[in-house]
Protein chains: 2
Amino acid sequence: MHGSDPQTLPETLIAAMAAQARAASHRLAAMDSAAKSRALLAAAAEVRAQAETILAANALDMAAGQANGLTPALLDRLRLDAGRLEAMAAGIEDVARLDDPAGRVIEETRRPNGLVLQRVRVPIGVIGIIYESRPNVTADAGVLCVMSGNAAILRGGSEAVHSNRAIHAALAKGLASAGAPADAVQLVPTTDRAAVGAMLRAEGAIDMIVPRGGKSLVARVQEEARVPVLAHLDGLNHTYVDRAADPEMARTLAVNAKLRRTGVCGATETLLIDRAFADPRPILAALAEAKCELRGDAEVQALDPRVVPASAQDWDTEYLDAILSVKLVDGVEEAMAHIAAHGSHHTDAIVTEDAATAERFLNGVDSAIVMWNASTQFADGGEFGLGAEIGISTGRLHARGPVALEGLTTYKWVVRGTGQTRP
Amino acid sequence: MHGSDPQTLPETLIAAMAAQARAASHRLAAMDSAAKSRALLAAAAEVRAQAETILAANALDMAAGQANGLTPALLDRLRLDAGRLEAMAAGIEDVARLDDPAGRVIEETRRPNGLVLQRVRVPIGVIGIIYESRPNVTADAGVLCVMSGNAAILRGGSEAVHSNRAIHAALAKGLASAGAPADAVQLVPTTDRAAVGAMLRAEGAIDMIVPRGGKSLVARVQEEARVPVLAHLDGLNHTYVDRAADPEMARTLAVNAKLRRTGVCGATETLLIDRAFADPRPILAALAEAKCELRGDAEVQALDPRVVPASAQDWDTEYLDAILSVKLVDGVEEAMAHIAAHGSHHTDAIVTEDAATAERFLNGVDSAIVMWNASTQFADGGEFGLGAEIGISTGRLHARGPVALEGLTTYKWVVRGTGQTRP
């Protein structure tokens, strides 16, 4: 009987939550930055105050996860402890200190007829966040939405359901205690997967969806969504070592770009080396000695005995592991052509001492982030000085690369006149 | 056999055009502003040089349109003459003189580790324009795309097929003569409606679709598209006359906002009048005397005998005609609630001498354009000083309100380092 009750239909549930979120977004949009900051600080305090409750809820999820045979990696993502909870609370306080973009005047012009036009930043409205096992997203994403004046509808993974509910309860209580609307951050109460579908189809009710999780989640969201999606599917990033690269810098950057953390979206997956570069062997040796598997064609295999053969799929594979495909190219133009054919428009870097070649690469590579003499692992909102990030976008419209508060706003035109009519 | 030839499948055709457009977009992105301006001036000259050919092609469309019984309004949209052709050429020259946003640095920051980050405006890439009977869109939209560094794929209406081909041939010849890629502006060669569907589903190949035309076209595009769409479906705009409005200004603005041109998207469709406003009767009288049909409830009918009864649908109807729905409300809050319930987030205006009430309205109404003491008919890229417009957007993401060159760009992050690795 449960499924036939219209109140429990996912569409009904999401429509009701979105209507409450819309009302909350109007109240949030009317709050000034100081008021939103105070609400976030109260939320952080409440997370600290409810630490025991949250950790107890997390223990339930961990026990269920172990019983259900979650992998150690997934269990680690799911796990909270005192240190992680304190980091969550401190992260909320960091967001409370960020510059609020809402209300900022982007430009102002006075027309010959006396009309004064402003473009003013305003919150987008209602943001849906769909995520998997990390319970900290409940806090991170929720408070970024609130600080930028948006209402959030959160849909976390079923394996973190108790943790998410406990964190959400603390957030909501803290926010409300400081005058923010109780519905500013809502958590979808059901783990029914149909609720995700209802969110993805809630055009006009939810203004933007941000998926946070693995490739299969992001792919499903991008495939099914009628609501605009802010996301990246792949981080198939390249580092290109040019003929004019400093050999020592090239070696250091290649190792860091691939191996600092292999599971992050900013990791380099393919190393392109100019055939005119002095000597690629020390780079390959450093990678191999750091336990990186190297894959290449016969030309690359001839450079180091540890290189194994690459297949055609390697150039299109995001390993997220200590594996690197390596290819020799004839200069920056062939490197750019390879990136255009195989890249995912996320982050690509050139290593060179030649400024003209660098500018050619920076202008010619069509990626959200292009880098000169820097590790692709810097692709991150915190490293970019944004203070936090809701995600990284490889889409071309609205926001690109790391997205924080500004990407959660849009603008409106405000026109002030003195009775002007159009002739 | 025609339909079974894979070369003629709409998907094959659009994929091939999009690949050529992508290549052209890379060449366009490498052209500086002066080079793009020169190409546009050459295109304008070529439109003038081929005036006879274009007018002869238009005569074929007009004859077919008359034979097919097109309405006088549609025939007028279709018709070109020497004056309209000169306006088209002059319009191309206007766009050639606009500030090119591509390459503009939006912001620059230096991180503590010495990395220098810039956000730089770049073209979006490949823009699809789907339009109906006005052949001038071929030139207007095509050159806006080129000036912002984008390749355009144009799909015009079948009734303007000869005109569009002739205008497109002149544009392409002019652009190429000045060094722009020949595929910078392509016209879909078939009037098969399936080609529109193929464009709408060309995710990743076409970056943005702009529909230009009537409500049924825009609705189809918004419903079917997997590619992001920049458009507005309705312009259900309100003018609210507050208790503190200047009576003379209120009367003048109401008449202009409704009647200057009734068929434009910026026309006011509903007039809201504060019950505490001195006397609504002169406003209603001025509208009625200017041949505007007025619709309202008993309270409004009591104010003027020419007011006819409004039905519930009237508050949700974009008349695009000399018809106005009129409602009395209790002040700015009820006006805003009515707009939130019935508006289309396009353009809404308040008439008042009370600055605090005006600011309440400007902040609280969630529309692309909000106005104080000005006619909603100013909702137009030219009137906003943008020099031209590709369209008006009521979407919340990417661009809002009138969209010109800047809305045809996105940005990339350019990071310049000296060998920094991430710790």
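Residues numbered from 1 in each chain as written. Chains lettered and ligands numbered in written order. Predicted model: local features only at pLDDT ≥ 70, side-chain atom pairs only at ≥ 80, totals over all residues.

## Observations concerning the overall build of chain A
And step 1. Each helix and strand in chain A was counted, giving 14 helices and 16 strands.
And step 2. Computed over C-alpha atoms, the radius of gyration of chain A comes to 24 Å, within 12% of the 22 Å expected from 2.2 N^0.38 for 423 residues, which places it in the range of a compact globule.
And step 3. Dimensions of chain A, computed from the C-alpha atoms along their principal axes, are close to 70 × 65 × 40 Å.
And step 4. Classification of the 423 residues of chain A by burial places 53% in the buried group.
And step 5. In chain A, the share of contacts with a sequence separation of at least 24, taken over all contacts with a separation of at least 6, comes to 72%. (Helix = DSSP H or I, 4+ residues; strand = E, 2+ residues; numbered from the N terminus. Rg over C-alpha atoms; globule rule 2.2 N^0.38 Å. Buried ≥ 20, exposed ≤ 12 C-beta atoms within 10 Å, placed from the backbone. Contact = placed C-beta atoms within 7 Å.)

## A short note on the relation of the copies chain A and chain B
And step 1. Superposing chain A onto chain B requires a rotation of 180° together with a translation of 0.0 Å along the rotation axis, leaving an RMSD of 0.0 Å. Each copy turns onto its partner about a two-fold axis. The position closest to the rotation axis in chain A is occupied by the C-alpha of A:His398, lying 1.8 Å away. (Least-squares fit on C-alpha atoms with pLDDT ≥ 70 in both.)

## Re the interface of chain A and chain B
And step 1. Each partner contributes to the interface: chain A provides 48 residues, whereas chain B provides 48 residues.
And step 2. Of all the secondary-structure elements, those providing two or more residues to the side of chain A that touches chain B are helix H10 (247-259), strand S13 (369-374) and strand S16 (409-420) of chain A.
And step 3. Per-element accounting of the side of chain A that touches chain B gives the leading share, eleven residues, to S16(A).
And step 4. Of the residues that constitute the side of chain A that touches chain B, the class distribution is 22 nonpolar, 17 polar and nine charged. (Nonpolar A, V, L, I, M, F, W, Y, C, P; charged D, E, K, R; others polar.)

## Observations regarding the sheet that holds strand S6 (residues 208-212) of chain B
All names here are of chain B.
And step 1. Judged by pairing direction, the sheet is parallel, and its four strands sit side by side in the order S5-S4-S3-S6 without closing on themselves. Two strands bound the open sheet, and with one partner strand each, they are strand S5 (185-187) and S6. Along the sheet, successive strands turn relative to each other by an average axial angle of 20°, direction set aside.
And step 2. Across the face of the sheet, helix H1 (residues 10-29) comes into contact with strand S3 (126-131), strand S4 (151-155) and S5 while running at roughly 145° to S4.
And step 3. Its contacts with the sheet place helix H7 (residues 161-177) against S4 and S5, and it is angled at close to 155° to S5. (Pairing = 2+ DSSP bridges. Axes fitted to C-alpha atoms, helices over the stretch in contact; angles between N-to-C directions.)

## Points about the nonpolar core
As a rule of thumb, soluble globular proteins bury nonpolar side chains together.
And step 1. In terms of nonpolar packing, the biggest core is built from 258 residues, with A:Val146 and B:Val146 touching the most fellow members.
And step 2. Here B:Val146 is in contact with B:Leu28, B:Lys36, B:Ala39, B:Leu40, B:Ala152, B:Leu175, B:Ala180, B:Ala184 and B:Val185, once residues within four sequence places are set aside. (Core = buried A, V, L, I, M, F, W, Y, C linked by C-beta atoms within 7 Å.)

## Looking at the confidence of the model for chain A
And step 1. Averaged over all residues, the pLDDT of chain A is 94; the fraction at 70 or higher stands at 98%.
And step 2. For this predicted complex, the interface confidence reaches an ipTM of 0.93, while the overall pTM sits at 0.92. (pLDDT = per-residue confidence, 0-100.)

## Points about unusual backbone geometry
And step 1. Although it is not a glycine, A:His398 adopts a positive phi angle of roughly 70°.
And step 2. Position of A:His398 relative to the elements: it lies in the loop between strand S14 (391-393) and strand S15 (401-403).
And step 3. For B:His345, which is not glycine, the phi dihedral falls at a positive 60°.
And step 4. Mapped onto the secondary structure, B:His345 falls in the loop between helix H13 (331-342) and strand S12 (347-351).

## Quick word on the domain arrangement of chain A
And step 1. For chain A, the assigned domains are domain 1 (2-230 + 402-414) and domain 2 (237-383).
And step 2. Averaged C-alpha coordinates put domain 1 of chain A and domain 2 of chain A at centres separated by 36 Å. (Domains from an automatic or database assignment.)

## Description of the packing of helix H10 (residues 247-259) of chain B against helix H11 (residues 281-289) of chain B
Residues and elements named next belong to chain B.
And step 1. The N-to-C vectors of H10 and H11 enclose an angle of 30°; their axes lie 9 Å apart at closest approach. Relative to H11, the element H10 lies roughly parallel. Two packed elements cross with a definite hand, and for H10 against H11 that hand is right-handed. Between H10, through Pro247, Ala250, Arg251, Ala254, Val255 and Lys258, and H11, the contact on the second element is made entirely by Pro282, Ile283, Ala286 and Leu287.
And step 2. In terms of residue class, the contact of H10 with H11 is built from eight nonpolar, no polar and two charged. (Parallel < 35°, antiparallel > 145°, perpendicular 65-115°, else oblique. Left-handed = near helix turned anticlockwise from the far one by under 90°.)

## Notes on the sheet that holds S12(B)
And step 1. Ordered in space as S1(A)-S2(A)-S16(A)-S13(B)-S12(B)-S7(B)-S8(B)-S11(B)-S9(B)-S10(B), the ten strands form an open sheet in which the pairing is mixed. The open sheet has two edge strands, strand S1 (105-110) of chain A together with strand S10 (307-309) of chain B, and neither has a second partner. Taken over all neighbouring pairs, the strand axes of this sheet differ in orientation by 25° on average, direction set aside.
And step 2. When strand S2 (residues 116-123) of chain A meets S16(A), the two strands line up antiparallel, connected through eight bridges. Looking at S16(A), one finds that A:Val120 is bridged to A:Lys412.
And step 3. Most of the contacts of helix H14 (residues 355-364) of chain B go to strand S13 (residues 369-374) of chain B, to which it runs at about 160°, and overall it touches S16 of chain A together with strand S7 (237-241), S12 and S13 of chain B.

## A look at helix H6 (residues 136-147) of chain B
Residues and elements named next belong to chain B.
And step 1. In this model, H6 (twelve residues) spans 17 Å end to end at C-alpha, consistent with the 16 Å of a helix rising 1.5 Å per residue.
And step 2. Counting buried positions along H6 gives eleven out of twelve residues, so the element sits mostly inside the fold.
And step 3. For H6, the full list of buried residues reads Val137, Thr138, Ala139, Asp140, Ala141, Gly142, Val143, Leu144, Cys145, Val146 and Met147.
And step 4. Glycine 149 occupies a position one or two residues after H6 and carries a positive phi of about 90°. (Expected span 1.5 Å × (residues − 1).)

## A short note on the environment of B:Thr421
And step 1. Position of B:Thr421 among the secondary structure elements: in the segment after strand S16 (409-420).
And step 2. By the C-beta count within 10 Å, which is 18 here, B:Thr421 ends up partly exposed.
And step 3. Between the C-alpha atoms of B:Thr421 and B:Asn113, which are 308 residues apart in sequence, the distance is 9.5 Å.
And step 4. Discounting residues that sit within four places of it in the chain, B:Thr421 has contacts with A:Thr252, A:Leu253, A:Asn256 and A:Ser375.

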